[in-house]
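# Summary of the model geometry
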Amino acid sequence: MPSTLSSISGKDFPLVELELGKNNNPTLATSHAVTSALRDSGFLIIKTNLLPLELQQRALSAASSFLDSSSKQVVTHPVDPKKYAMLEGVDSLPNDNSISSSSRQDLQYWYTALQKTKSTLLQCIAVGLGMKDIDYFVKLHDEDNDALRVIRYQPGDTTTGNRCKEHSDYGTLTLLLNDGIGGLEAYVDEQWKAVPYVEGGIVVNIGSILSEWTRQELKATLHRVAGPASIGSTTPQDMLLKAVTVPRISLAYFSDPNKNVSTVLESSSDENKSGEGSKMSIEEYIQYRSGGQGDSRSGVAFTSTEESRLGK
């Protein structure tokens, strides 16, 4: 049975073992555990043989080396105190001397393993929602329209606020690996609550496209990386002070559907879980949720519901 270890991760962020059964499909119990968490808080922590601890450690080490490299793909964020590189596809890493062959290979292995885990989670969600076709959502992602953002949050001090500003993701699934340095918070029950670190665990949350597809049955939850001066945090102050004194490495994998898919799924079958929001293509929706394009791009656009909840 998939385990929910409240003593480690708490009721808001359950820890679920991704167990596979016949034909390497997720078990019914695993599917219900995943979907239940995404209904309640929109977040969970998973452990799976698809993403073993040894591979996680290699990916973190490779990410750190890459962020120290001279690659032009590594840039400084214009607002948040962080450096990052956005990798769009397994083969998007630089093929030059700016990154070692071992680091490139480890990040490619990690990327490929995330794609497999994404498909398993999408199967879990389809089963958990009571859909007859276990691959319903998988087939909407067969272009592997995804990206891996490799991030280093820079150290700060007692005056440091958010190291990453409040936002919800706008794709379907996000899988997050970090190095154990605290600060990640999710807005649950109108409070900024710390998402716990579990060694060997991967944080999973969903984006607003999947939430819209399910008529908001699954939650796209606001989250941030807090600092000591962040407003409204329930994380113990000493934990935030300790976390902000050192760099913080994370690898965030963002999954989007195929580009020609709509934000509103049209179907006459009982499998249609789509919401009734404004119909856009995935490309149009991502541009909207990214806050524009070109020099005017803000990097995030809140939904009206999120703005009201945060008092914006």
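Relevant structure appears above.
In what follows, the accompanying structure is described. Just so it is clear, the model here is predicted, and its values are computed rather than measured.

## As for the sheet that holds strand β6 (residues 164-167)
The sheet built from four strands is open, its strands ordered β6-β11-β8-β9 with antiparallel pairing. Looking at strand neighbours, the two that pair on one side only are β6 and β9 (191-194), the edges of this open sheet. Between one strand and the next, the sheet's axes are offset by a mean angle of 25°, whatever the strand orientation. Pairing between strand β8 (residues 184-188) and strand β11 (residues 223-225): three bridges, direction antiparallel. Counted as the bridge partner of Leu184 is Val225 from β11.

## Observations regarding helix α4 (residues 101-128)
Taking 1.5 Å of rise per residue, the 28 residues of α4 would be expected to cover 40 Å, and the 40 Å separating its terminal C-alpha atoms lies within 8% of that figure. With its phi angle positive at about 80°, Gly130 sits one or two positions after the end of α4.

## Details of the packing of aromatic side chains
Enumeration over the complete set of coordinates arrives at five aromatic pairs. Arranged with centres 5.8 Å apart and planes meeting at 5°, the rings of Phe137 and Trp213 form a pair that is stacked. You can see Phe137 sitting in the loop between α4 and β5 (145-153) and its partner Trp213 sitting in helix α5 (residues 208-213), a full 76 residues away along the chain. In this pair, the class of Phe137 matches that of Trp213, namely buried. An angle of 50° between the planes, with centres 4.9 Å apart, marks the rings of Tyr187 and Trp192 as tilted. For the residue pair Tyr187 and Trp192, the accessibility class agrees, reading buried in each case. By the ring-pair criterion, three or more aromatic residues cluster together here, those being Tyr136, Phe137 and Trp213. Positioned over the ring face of Tyr84 is Arg149, at 4.3 Å from the centre of the ring. Positioned over the ring face of Trp192 is Arg224, at 4.3 Å from the centre of the ring.

Basis of the calculations
Residues numbered from 1 in each chain as written. Predicted model: local features only at pLDDT ≥ 70, side-chain atom pairs only at ≥ 80, totals over all residues. Heavy atoms only, no water. Pairing = 2+ DSSP bridges. Helix = DSSP H or I, 4+ residues; strand = E, 2+ residues; numbered from the N terminus. Axes fitted to C-alpha atoms, helices over the stretch in contact; angles between N-to-C directions. Expected span 1.5 Å × (residues − 1). Phe/Tyr/Trp six-rings, centres within 6.5 Å; stacked < 30°, edge-to-face > 60°. Buried < 20%, exposed > 50% of the residue type's maximum accessible area, 1.4 Å probe, protein only. Lys NZ or Arg CZ within 6 Å of the ring centre and 35° of its normal.

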